[in-house]
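Letter by letter, the chains look like this.
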Amino acid sequence: MCTAVRIHGRGAQRKALRALLDGLPSRGGRLLLTGEPGLGRTTLLQWAARSFHAGPVLHLGPGTGPDPGAGPTAEQLLAALRTAADAAPALVCVDDAHLWDAPARTALARAAEHLSTAGRVGLLLSAASDRAVAPEFAHLPVVRLDPLAPSRAAALLDDMTDGAAAPAVREQLLAEAEGNPALLAALVRRLSPAELRGHRPLPGPLADAAALAEAAGGAPAVPSAHARDLLLTVAAAVRASDGPDVDAALVRDALLRLRPDPGPGARSRPLPQQLAPAGDRLRFHSPLVRRTVYATATPDGRRAVHRALADALANGGHRLPELLHRSWSLSGPAPAPEQADHLARAAADSTVTATYRLRATAYTRAAELTADAARRAERYTAAAEQALLGGCPQQARPLLAAARDGAVPAAVRGRAELVRGLVELRDGPVGDAHQSLLLAASLLAADAPADAASAALAAADAAWAAGDLPACLATLGPTAPPRATAAVPAHGAHPPGAGAQGEPRATPGPHGRPHTRTAVRPTASHLSHTSASVASAVRDHRIGMRALLEGRFDRAGAPLGQVVRRGLTEDRPEVLLRAAAAALLLGDVDAARGAGARALAAARQLGSDALEPQALEYLAYAELRAGRHPQARAHAEEGLRTALRAGQRNTAAHHRAVLALAASIEEEPDVVARHVTAALATARRHGLAQALTLAQWAAARADLGRGRPFDAADRLGLLVLPGPGRGHFAVWRLAVPCFVEAAVLAGRHEDAREVLADFAGWAAFGADPQAAAQLARCHALLAPPERTDDLYRRALARHDEAGGDFERARTALLYGKWLRRRRRPREARGRLGAALAGFEGCGAGVWAAQARDELRALGAAPQPGGDGAPTRLSRLTPQQLRIARHVAEGATNREVALTLAVSTRTVDYHLRKVFAALGVRSRLELARVIGLAEQDQEARRAAAHQEKTGAQP
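Remember, it's a predicted structure, so these values are computed and weren't measured experimentally.

A.B. asks: What is the right way to read the sheet that holds strand E4 (residues 121–128) from this model?
C.D. replies: Sheets are built from strands paired through backbone hydrogen bonds, the pairs being either parallel or antiparallel. Taken in spatial order, the five strands make up an open sheet running E2-E3-E4-E1-E5, and their pairing is parallel. With one partner strand each, in any of the chains shown, strand E2 (57–59) and strand E5 (142–144) form the two edges of the open sheet. This sheet shows a mean twist of 20° between the axes of neighbouring strands, independent of strand direction. By the bridge criterion, five bridges tie strand E3 (residues 90–94) to E4 in an arrangement that is parallel. Opposite Cys93, over in E4, you have Leu124 as the bridge partner. The sheet strands contacting helix H1 (residues 11–23) are strand E1 (29–35), E3, E4 and E5, and the helix crosses E1 at an angle near 160°.

A.B. asks: Before we go on, may I ask you to explain the pairing of E1 in this structure?
C.D. replies: Burial analysis of E1 places seven of its seven residues in the buried class, which makes it a mostly covered element. Here E1 shows no split at all, with Gly29, Leu31, Leu33 and Gly35 on one side and Arg30, Leu32 and Thr34 on the other all buried. The pairing of E1 with E4 spans seven bridges and is classified as parallel. Note that in E4 the partner of Leu31 across the bridge is Leu124. Sheet topology places E1 next to E5; three bridges connect them, and they run parallel. Bridge pairing links Thr34 to Arg144 in E5.

A.B. asks: How should the nonpolar core be read in this particular structure?
C.D. replies: Here is a general trend for soluble globular proteins: nonpolar side chains tend to be buried in one another's company. Within the largest apolar cluster, 125 residues are counted, with the highest numbers of intra-cluster contacts made by Leu549, Trp697, Val720, Val740, Phe839 and Trp847. The element that contributes the greatest number of residues to this core is helix H25 (residues 573–586), accounting for nine residues. Contacts of Trp847, omitting those with residues within four sequence positions, involve Ser664, Ile665, Arg701, Leu704, Gly705, Glu741, Phe806, Arg810, Leu813 and Phe839. Among the nonpolar cores identified, the runner-up in size contains 59 residues, and Val352, Ala360, Val423 and Leu425 belong to it.

A.B. asks: Sorry, what's going on with the sheet that holds strand E6 (residues 245–247) here?
C.D. replies: Read from one edge to the other, the open sheet built from three strands follows the order E6-E8-E7, with strand pairing classed as antiparallel. At either end of the open sheet lies a strand with only one pairing partner, and these are E6 and strand E7 (275–278). Sheet twist, expressed as the mean angle between neighbouring strand axes with direction ignored, is 30°. Two elements, E7 and strand E8 (residues 281–284), share four bridges in a ladder whose sense is antiparallel. Directly across from Ala278, in E8, lies its bridge partner Arg281. Contacting E6, E7 and E8, helix H10 (residues 225–238) crosses the sheet at an angle of about 95° to E8. Here helix H11 (residues 248–258) sits on the sheet and contacts E6 and E8; the angle it forms with E6, its principal contact strand, is near 65°.

A.B. asks: Sorry if this is basic, but what is going on with the pairing of E4 here?
C.D. replies: Consecutive side chains along a regular strand alternate between the two faces of the sheet. Of all eight residues in E4, eight are buried, a share of seventy percent or more. Because side chains alternate across E4, one face comprises the buried residues Val121, Leu123, Leu125 and Ala127, and the other comprises Gly122, Leu124, Ser126 and Ala128, equally buried.

A.B. asks: In this structure, what is going on with empty space enclosed by the protein? I would like to understand it.
C.D. replies: Rolled over the atoms, a probe with the dimensions of a water molecule shows which regions are left empty. Counted by the stated rule, this structure contains three cavities of 30 Å³ or more. Listed by contribution, the elements that provide at least two residues to the lining of the largest cavity are helix H27 (612–625), helix H31 (689–705), helix H33 (736–745), helix H35 (771–782) and helix H37 (805–821). Partitioning the lining of the largest cavity into residue classes produces eleven nonpolar, seven polar and seven charged.

A.B. asks: Explain the packing of aromatic side chains to me, please; I cannot follow it from the model alone.
C.D. replies: Aromatic ring pairs are described here by two measures, namely the spacing of the ring centres and the angle between the planes. Scanning all chains against the criterion turns up six aromatic pairs. Cluster of aromatic residues (ring-pair linked, three or more members): Tyr792, Tyr815 and Trp818. Here the guanidinium or amino end of Arg14 rests over the ring plane of Trp47, the centre of that ring lying 5.9 Å away. A cation sits over an aromatic face here: Arg726 above Trp732, 3.8 Å from the ring centre.

A.B. asks: What should I look at first to understand the packing of helix H19 (residues 410–427) against helix H20 (residues 430–444) in this one?
C.D. replies: Packed helices, taken two at a time, are described by the angle between their axes plus the distance between the axes. The N-to-C vectors of H19 and H20 enclose an angle of 155°; their axes lie 7 Å apart at closest approach. Between H19 and H20, the angle is such that the two are roughly antiparallel. Both H19 and H20 take part in a crossing whose hand is left-handed. Judged by residue contacts, Ala410, Ala411, Arg413, Gly414, Arg415, Glu417, Leu418, Arg420, Gly421, Leu422, Glu424 and Leu425 of H19 engage Val430, Ala433, Ser436, Leu437, Leu439, Ala440, Leu443 and Leu444 from H20. Among the residues making up the contact of H19 with H20, the classes are represented as twelve nonpolar, three polar and five charged.

A.B. asks: I tried to follow the pattern of salt bridges on my own but got confused; where do I start?
C.D. replies: When the charged atoms of two side chains with opposite charge come close together, those side chains can pair. Applying the stated criterion across every chain, the model contains 56 salt bridges. Note that Glu637 is salt-bridged to Arg633, the shortest N-O span being 3.3 Å. With Glu637 and Arg633 both in helix H28 (residues 629–645) and four residues apart, the pair spans about one turn of that helix. Overall, Glu637 belongs to the partly exposed group, its relative accessible area being 34%. Residue Arg633 is classed as buried on the basis of its relative accessible area of 15%. When the shortest N-O distance is used, the salt bridge between Asp790 and Arg794 registers 3.0 Å. You can see Asp790 and its partner Arg794 sitting in helix H36 (residues 785–802), four residues apart, about one turn around the helix. Residue Arg794 is classed as partly exposed on the basis of its relative accessible area, which comes to 41%. Where salt bridges share partners, they join Arg397, Glu424, Asp427 and Arg649 into one cluster.

A.B. asks: What exactly am I supposed to notice about unusual backbone geometry here?
C.D. replies: Outside of glycine, negative phi angles account for most residues, and trans bonds account for most peptide bonds. Note the cis peptide between Gly204 and Pro205, where omega equals -10°. In this structure, Pro205 sits in the loop between helix H8 (193–196) and helix H9 (209–216). One non-glycine residue with positive phi stands out, namely Asp162, at about 55°. Locating Asp162 in the fold gives a position in the loop between helix H5 (150–161) and helix H6 (167–177).

Rules used in this analysis
Residues numbered from 1 in each chain as written. Predicted model: local features only at pLDDT ≥ 70, side-chain atom pairs only at ≥ 80, totals over all residues. Heavy atoms only, no water. Pairing = 2+ DSSP bridges. Helix = DSSP H or I, 4+ residues; strand = E, 2+ residues; numbered from the N terminus. Axes fitted to C-alpha atoms, helices over the stretch in contact; angles between N-to-C directions. Contact = heavy atoms within 4.5 Å. Buried < 20%, exposed > 50% of the residue type's maximum accessible area, 1.4 Å probe, protein only. Core = buried A, V, L, I, M, F, W, Y, C linked by side-chain atoms within 4.5 Å. 1 Å grid on protein atoms, 1.4 Å probe; cavity = no way out; pocket = protein on both sides within 12 Å on 5 of 7 lines; lining within 4 Å. Points joined across faces, edges and corners; volume = space filled by probe spheres on them. Nonpolar A, V, L, I, M, F, W, Y, C, P; charged D, E, K, R; others polar. Phe/Tyr/Trp six-rings, centres within 6.5 Å; stacked < 30°, edge-to-face > 60°. Lys NZ or Arg CZ within 6 Å of the ring centre and 35° of its normal. Parallel < 35°, antiparallel > 145°, perpendicular 65-115°, else oblique. Left-handed = near helix turned anticlockwise from the far one by under 90°. Salt bridge = Lys/Arg side-chain N within 4 Å of Asp/Glu carboxyl O.

Here it is as structure tokens:
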């Protein structure tokens, strides 16, 4: 093992620190860095100190000053700081400022207030967030440290271990550490090389009292026995709670049962500083401190508290928490079959009110108390299912590892592989998911055919996400010899499995709370009912998908239509997601949006953090297909947040691809680049060919919108032209219209013609309402002049039938450009005006700028939203400005000529005029002038927007 040398996942915090350091030569500054113990406050403070080279760095402790025992005064601190900054800017670092006594904190806060105007001195403080922020520091700007995201924590673990951890061990370490770097390091240090590599069983519990106390800086100091009991009671109660807080009345009741005579004034004592009140509930400021309090208590003390909590919950309608606390009050590690059965039955009971996460806890505890290997594996699998539905795949993985046992029946192993495959499908390599789901289908075929069918459909979903058409066909089952597969429907969403059809089936319990019908089921008849209700939907979806992938379009409509119609009467999210996917395949965007919206409502009503991001994904794709980019962006932004919260990196990558596509029509190239980069990082790591294709298409469309057809054609050529690098089989056709436009502008007419025949087949299928109009537009771009006019008019007529403002505006823009070059200015002005209105209506700012440029070239008055106040660039004619911008972006004269459909001599002539008007003598100097002028224009636009909306700068 080696020591990690990189800082992981702290880019935003380092950016804030860097801004403070960079500003010190000219102004002062102060920042408070907060986070629970173990998150790396000291590491970041040290990084800032090493990164500051403009002057001295001072490290202050509570004993600074002439009288170390009394602490410094504000005047003494200020004098020391100003002296240090006399010759050069200074950085002052104060680690663990929360440990200073109150007078010293007051002096430090007063010094910080003076430094805000003194200049040249930066004050960087750190304070633990395991208690309320000291009032003296409440006015300071704060930079917060949160637990590391799973991917960042995994990278840190690989650094610590040189990648030597076995997969199952790795999953358990990450789950136990909960994103805390110090705890992760303590857990790794605890393991021997054999344990780390999976050759010996891990010690239990993995996060023991010593490891937790090491990460937390020791067990919390408490002022009294009552405070100790209070902390332990809250920590124990949280273990059987649905969230991080607990009912204060329950805690008081348990404390009275624990100690009937707490002593005088117990109720009036202030809360320990580790606790935070929230109305009638209590919680710890720090999850790590909460775990440390529980782990460092004596076993007898923990059992007594759990017994008191169970007694307090008895007869109060809280069956599952009561049973959990009762089980934790048991003595010794021996199995307790009766208690395990009670817990498992309550977790599976539809009348018990509990969240998925609480059910996962109950199933886990039941498994720990179960002696029979098969039943234990079944209960661990059920716990993993509930964790997955609750949006905690990182908790599901170690539970599935615990379920492994060679002696268990095939059906139990199959259920475990099904859950494992679903975890990987949302948050891992989809190739691994495909194999796990295929294995699940084979293991479940005899005893649970409906679950086997769901597993097979989910395996097809994995193959689809990977872009593996043969595997997708093979998984969907044997068929007649396939016909042409060239025109596989493209819809840009997860198709065969509708994203969630293989998910454990969740249904609403009483009071709208979720329960699940999976794994440990109460009765055989219940299982039969569930299987019968789902089997027909799965069968129709498989038949329709198989027919589409084989090109047998005449046989696809009926079964897929049945899936859509079934969604009109169902309220289960997995059935509704199938309906949304089928509707997209059939080109019924309105039905897809309706089913997606109902699936989202159903997932929220169930409290399923796992299904919500998938429902939002379908809504976002449906809005994109309808050309409603702002709505698609809104759904994808929310979907990204929920996917990240649920630990679904693959789903998050698809949402990022949608966000990149939506932003590609706006004037936000940085936003496009950010989402494309993030989507590609996950797509390449996990084999997501579909997300990769969508993200690359977004980057190319952004290039095309900003007048960079050569770059766009290069990107899109890799996606749409035949060859091993061609994009996802169901997505690349969507990018063909963009490629044809870019290729024509770049002079690659033959490449454009090569892909049109295949696109014509796709348009004829009728699943994409925009395809027929786009096809006519593509033909117009390639047609001789005598046919172009008619083709553009035909395209616009098709747009009128299909709807979609953005695509219609693109066609009107190209038509208007063609008319202007044919010297038909009156007609061109009408088409370009319509294009501008269409682009502005759907928020396509970058395309609206193209339309304005064309209108200016016709001599039309600038439209609202233009450049505003005159600048240096206002000396140029519209044509000169367009040429100057292309040259500033690095285009050659020939490339500019092809882009603007003019001769090279015309470009040469205008470029000489540009150089003279701007007083520049080189292309490099021109690029600098253009860049500065456009930055100035952007700043004025931002200021105008703030003034208009009342936003604060």
